[in-house]
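# Overview (structure and organization)
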Amino acid sequence: TLLTSDRDPARTVNAAGDGVVEIADKQGNLVLVNVDPKTGTPLKLSYQSVQTGGPSGTVDEVYGDWKEVGGIRLPHKITMQQGERVAAEVNIQQWSLNSGLTADDVSKRP
């Protein structure tokens, strides 16, 4: 839903500099989206993490290893950093798009 924030009346979308888009909501949440100015590809999301009993601070989600899947370029690596520390690395082995599932298929219980 983040990429359709311009359609959400509870969110504001503003240019925050070269290749940076700021998205905020009425609850005070804010995310900075760094995009490649030539392609519009999102490179990084930055936001504040507030955790009860855990570390708080700025989190950066860095997207990489972009490959084409079903005619769309998608990231196959996401690195989550908190400060200078790498908190997690996600390596996506496979994306599945338009797999032919129907609403009835999804609503069935095992």
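Preceding this section is the structure that the text describes.
Summarised in this report is the structure supplied together with it.

About the criteria used
- Residues numbered from 1 in each chain as written.
- Predicted model: local features only at pLDDT ≥ 70, side-chain atom pairs only at ≥ 80, totals over all residues.
- Heavy atoms only, no water.
- Patch = residues over 30% accessible without salt bridge, like charges linked within 9 Å, V, L, I, M, F, W, Y side chains within 5 Å.
- Areas by Shrake-Rupley, 256 points an atom, 1.4 Å probe, with all protein chains shown as cover.
- Salt bridge = Lys/Arg side-chain N within 4 Å of Asp/Glu carboxyl O.
- Helix = DSSP H or I, 4+ residues; strand = E, 2+ residues; numbered from the N terminus.
- Buried < 20%, exposed > 50% of the residue type's maximum accessible area, 1.4 Å probe, protein only.
- Pairing = 2+ DSSP bridges.
- Axes fitted to C-alpha atoms, helices over the stretch in contact; angles between N-to-C directions.
- Core = buried A, V, L, I, M, F, W, Y, C linked by side-chain atoms within 4.5 Å.

### Observations concerning a nonpolar patch on the surface
On the surface, I72, W95 and L97 cluster together to form a nonpolar patch covering roughly 250 Å² of accessible area. Among the secondary structure elements, W95 is positioned in the loop between β7 (85-91) and α1 (103-107).

### Some thoughts on unusual backbone geometry
Of note, the phi angle at D65 is positive, near 50°, even though the residue is not glycine. With respect to the helices, strands and loops of the structure, D65 is situated in strand β5 (residues 57-69). Relative accessible area serves as the criterion here: at 42%, D65 is assigned to the partly exposed category.

### Describing the pairing of strand β2 (residues 20-25)
In this sheet, β2 lies alongside strand β1 (residues 11-17) in antiparallel orientation, the contact comprising six bridges. Along β2, the bridge assignment pairs V13 with I23. Connecting β1 to the next strand, β2, in antiparallel fashion are two residues, including G19 with a positive phi near 70°. Pairing of β2 with strand β3 (residues 30-35), which is carried by five bridges, proceeds in the antiparallel orientation. Opposite E22, over in β3, you have L32 as the bridge partner. Two successive antiparallel strands, β2 and β3, enclose a turn made up of four residues, where G28 displays a positive phi of approximately 95°.

### So, the sheet that holds strand β4 (residues 42-49)
Whenever strands of a sheet pair, they do so through backbone hydrogen bonds, lying parallel or antiparallel. Taken in spatial order, the seven strands make up an open sheet running β1-β2-β3-β4-β5-β6-β7, and their pairing is antiparallel. The sheet is open, and its two edges are formed by β1 and β7, each paired on a single side. Strand-to-strand, the axes of this sheet are offset by a mean angle of 25°, without reference to chain direction.

### Some points on the nonpolar core
In terms of nonpolar packing, the biggest core is built from seven residues, these being I23, V31, V33, L45, Y63, W66 and I78. Of all the elements in the fold, those that place two or more residues in this core are β3 and β5.

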